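# Observations on the three-dimensional arrangement
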Amino acid sequence: MDFLPFTRPAIDEDTIAAVGEVLRSGWITTGPRCQQLEAELSAFCGGRPVRLVSSATAALEMALQIAGIGPGDEVITCPLSWIATANVILKVGATPVFVDADPLTRNIDLSKIEAAITPRTKAIIPVDLAGLPVDRDRLYGIARRHKLRVVEDAAQSMGANWQGRRIGREGDLISFSFHANKNMTSGEGGCLVLNNDEEARLFEKLRLQGVTRFADGTMDVDVLGGKANMTDIAAMIGLGQLKKLDGFNARRRELARLYFQHFDRSLGCALPPEDFQNSNWHMFQPLLPLQRMRIGRGEFIARMKAEHIGVGVHYPAMHLFTLFREKGYAEGQFPVAEDIGARTVTLPLFPAMRDEDVIRVCQTFSAVLRAVLH
Ligand SMILES: *Cc1c(COP(=O)(O)O)cnc(C)c1O
């Protein structure tokens, strides 16, 4: 039986041929294909300025710089995310302030944000975990009341929407990732949606050594920038993917529906919210009933793998990583995030999966788990 990974990018032959043309064209780094993808992403985001970068991590870090966040500032986020979300706060010299997750949405608990705000708080980084958007109305209500910037970590929510409004069209600064595992990919890459041309100009400088070029061939450097531009090779992949994003996400929704239909609900697993309105179904993640199991999560994943099914973990609560423990975070501070982070497993979900694959995953999951329940 073929191994079924938990995710797999879907790159069509037209895209592969188009990448070949870029390679033959003599221009493979940042150029016309990046410009075209920026224009198409801008249209996708209601005409707002969008700028490409080599990763969403770079986009988030530069977004914090654009918001003027640095040493002495606090930034609120949730411990249940990919580590990039908190790393970028440390990178700009600011302090991450974690707020626990909501047990149902598994996103930041909006009712707990205001208690974490201090005079030093400058911004919130909400994360749309698994592609399920954070409630944008409540989030921006809090941000407005406390005059905070918002840097949306929408790495997983490309093509998702909040109450019919597409993520990326409204709000403050919004970062998307085009990493290979995301709903649309450029291999590696990302972009930031900005508020105006002034922010976009600063972002362009930050992503490429702080350089401004003039028409007469001269240049100046007036800010310290890094090196995070995207290549035309990556942009060409992104152009092929963006065309198919809505179709990919529609297929993901169908597959998620099948998971809910076929999942054995007598196992004692908590399932994600059945949201077919807002989510782009980046991932499908049951929580294991660890207390009732004779084996741990690692062994469960190994047994699924032995049945040719890939299972991932996204993510352990990040305040428990050594880097954060060394800064004083400890077990017990964010019990909901810790519980979800300890029990979560990511089951296969990607557009090229067949209906039978979902059924096989559900049957195998049930058999493997049933054998170890007490
Ligand atoms: C993937 C991801 C990132 C980082 O994206 P890269 O493009 O890999 O830098 C950040 N936050 C979340 C929630 C992600 O899933």
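Calculation notes
- Residues numbered from 1 in each chain as written.
- Predicted model: local features only at pLDDT ≥ 70, side-chain atom pairs only at ≥ 80, totals over all residues.
- Heavy atoms only, no water.
- Helix = DSSP H or I, 4+ residues; strand = E, 2+ residues; numbered from the N terminus.
- Buried < 20%, exposed > 50% of the residue type's maximum accessible area, 1.4 Å probe, protein only.
- Contact = heavy atoms within 4.5 Å.
- Expected span 1.5 Å × (residues − 1).
- Bend = angle between axes of the 7 residues up to and from the residue.
- Pairing = 2+ DSSP bridges.
- Right-handed = clockwise from strand over helix to strand, strands pointing away.
- Near = heavy atom within 4 Å.
- Polar contact = N/O pair within 3.5 Å; in protein donor to acceptor, adjacent residues only side chain to side chain.
- Areas by Shrake-Rupley, 256 points an atom, 1.4 Å probe, with all protein chains shown as cover.
- Nonpolar A, V, L, I, M, F, W, Y, C, P; charged D, E, K, R; others polar.
- Salt bridge = Lys/Arg side-chain N within 4 Å of Asp/Glu carboxyl O.
- Domains from an automatic or database assignment.
- Buried area = accessible area lost by both parts, 1.4 Å probe.
- Disulfide = S-S within 2.5 Å.

### Quick notes on unusual backbone geometry
For the bond from histidine 314 to tyrosine 315, the omega torsion is 15°, close enough to zero to count as cis. Tracing the sequence through the fold places tyrosine 315 in the loop between helix H8 (297-306) and helix H9 (322-325). Phi is positive for lysine 147, close to 50°, though the residue is something other than glycine. Here lysine 147 is to be found in the loop between helix H5 (136-145) and strand S5 (149-153). We note that glutamine 163 has phi near 50°; this positive angle belongs to a residue other than glycine. In this structure glutamine 163 comes out as partly exposed when scored by relative accessible area, which is 46%.

### Observations regarding the environment of valine 336
Looking at the element boundaries, valine 336 is found in helix H10 (residues 335-343). Residues valine 336 and lysine 205, 131 residues apart in the sequence, show an inter-C-alpha distance of 40 Å. When sequence neighbours within four positions are dropped, the list of residues in contact with valine 336 reads Asp100, Ala101, Asp102 and Pro103.

### Describing the environment of glutamate 38
Of note, glutamate 38 is situated in helix H2 (residues 32-44). For glutamate 38, a relative accessible area of 13% gives the class buried. Considered as a pair, glutamate 38 and asparagine 278 are 240 residues apart in the sequence and their alpha carbons are 24 Å apart. Not counting chain neighbours up to four residues away, the residues in contact with glutamate 38 comprise Val50, Arg51, Leu52 and Arg207.

### Description of helix H7 (residues 232-262)
With 31 residues, H7 extends 42 Å from end C-alpha to end C-alpha; this agrees with the ideal 45 Å at 1.5 Å per step. At lysine 244, H7 shows its strongest bend, of approximately 55°.

### Brief notes about the environment of alanine 101
Within the secondary structure, alanine 101 is located in the loop between strand S3 (95-98) and strand S4 (121-125). Assessed through its relative accessible area of 0%, alanine 101 is described here as buried. Once the C-alpha coordinates of alanine 101 and phenylalanine 203 are considered, the two residues, 102 residues apart in sequence, prove to be 31 Å apart. Here alanine 101 is in contact with Cys78, Leu80, Arg106, Asn107, Ile108, Asp109, Val336 and Ala337, once residues within four sequence places are set aside.

### Considering the pairing of S4
Judged by how many residues are buried, S4 sits mostly within the fold: 4 of 5 residues are covered. Note: strand S2 (residues 74-77) against S4, 4 bridges, orientation parallel. Among the inter-strand pairings, valine 75 is bridged to a residue of S4, identified as alanine 123. With 2 bridges joining them, S4 and S5 adopt parallel strand pairing. The residue bridging isoleucine 124 from the neighbouring strand is valine 150, located in S5. For the handedness criterion, the β-α-β arrangement of S4, H5 and S5 is classed as right-handed.

### Examining the site of the ligand
Surveying the vicinity of the ligand reveals 16 residues, the closest of which are Thr57, Asp153, Gln156, Ser177 and Lys182. Between the ligand and aspartate 153 there is a distance of 2.7 Å, counted from a nitrogen atom to a side-chain nitrogen or oxygen. Glutamine 156 has a polar side-chain atom sitting 2.8 Å from an oxygen atom of the ligand. Burial of the ligand by the surrounding chains reaches 94%, relative to a free accessible area of 380 Å². Where the shell around the ligand is concerned, the elements lending two or more residues are helix H3 (56-66) and helix H4 (84-91). Each residue belonging to the shell around the ligand can be placed in one class, and the counts come to 6 nonpolar, 8 polar and 2 charged.

### Things to note about the pattern of salt bridges
Counting across every chain of the model gives 23 salt bridges. Taking the shortest distance from any N to any O, the salt bridge between arginine 166 and aspartate 246 comes out at 3.4 Å. Linking arginine 166 in strand S7 (residues 165-166) with aspartate 246 in helix H7, this pair joins segments that are 80 residues apart in sequence. Residue classification places arginine 166 among the partly exposed residues on the basis of a relative accessible area of 24%. Counted as one network, the salt bridges with shared partners bring together Arg51, Arg201 and Glu204.

### Describing the domain arrangement of the protein
You can read the domains of the protein as domain 1 (13-239) and domain 2 (246-370). On a C-alpha basis, the centres of domain 1 and domain 2 stand 26 Å from each other. Taken together, the contact pairs 39 residues of domain 1 with 34 residues of domain 2. When domain 1 packs against domain 2, close to 2,900 Å² is buried across both sides, 58% of that on carbon and sulfur atoms. Together, Phe98, Arg106 and Asn183 form the three largest contributors to the area buried by domain 1 at its contact with domain 2, with a combined 25%. Here domain 1 is connected to domain 2 by 1 salt bridge. Residue assignment for the side of domain 1 that touches domain 2 shows that the elements contributing at least two residues are H4, S3 and strand S6 (161-162). The leading source of residues in the side of domain 1 that touches domain 2 is H4, at 4 residues. Classifying every residue of the side of domain 1 that touches domain 2 by side-chain character gives 21 nonpolar, 13 polar and 5 charged.

### Quick word on the state of the cysteines
Counted according to the given criterion, the structure contains 0 disulfides. Cysteine 191 carries a free sulfur, and the closest cysteine sulfur to it, the one in cysteine 45, is 6.4 Å from it. With no disulfide of its own, cysteine 362 has cysteine 269 as its nearest cysteine by sulfur position, at a separation of 10 Å.

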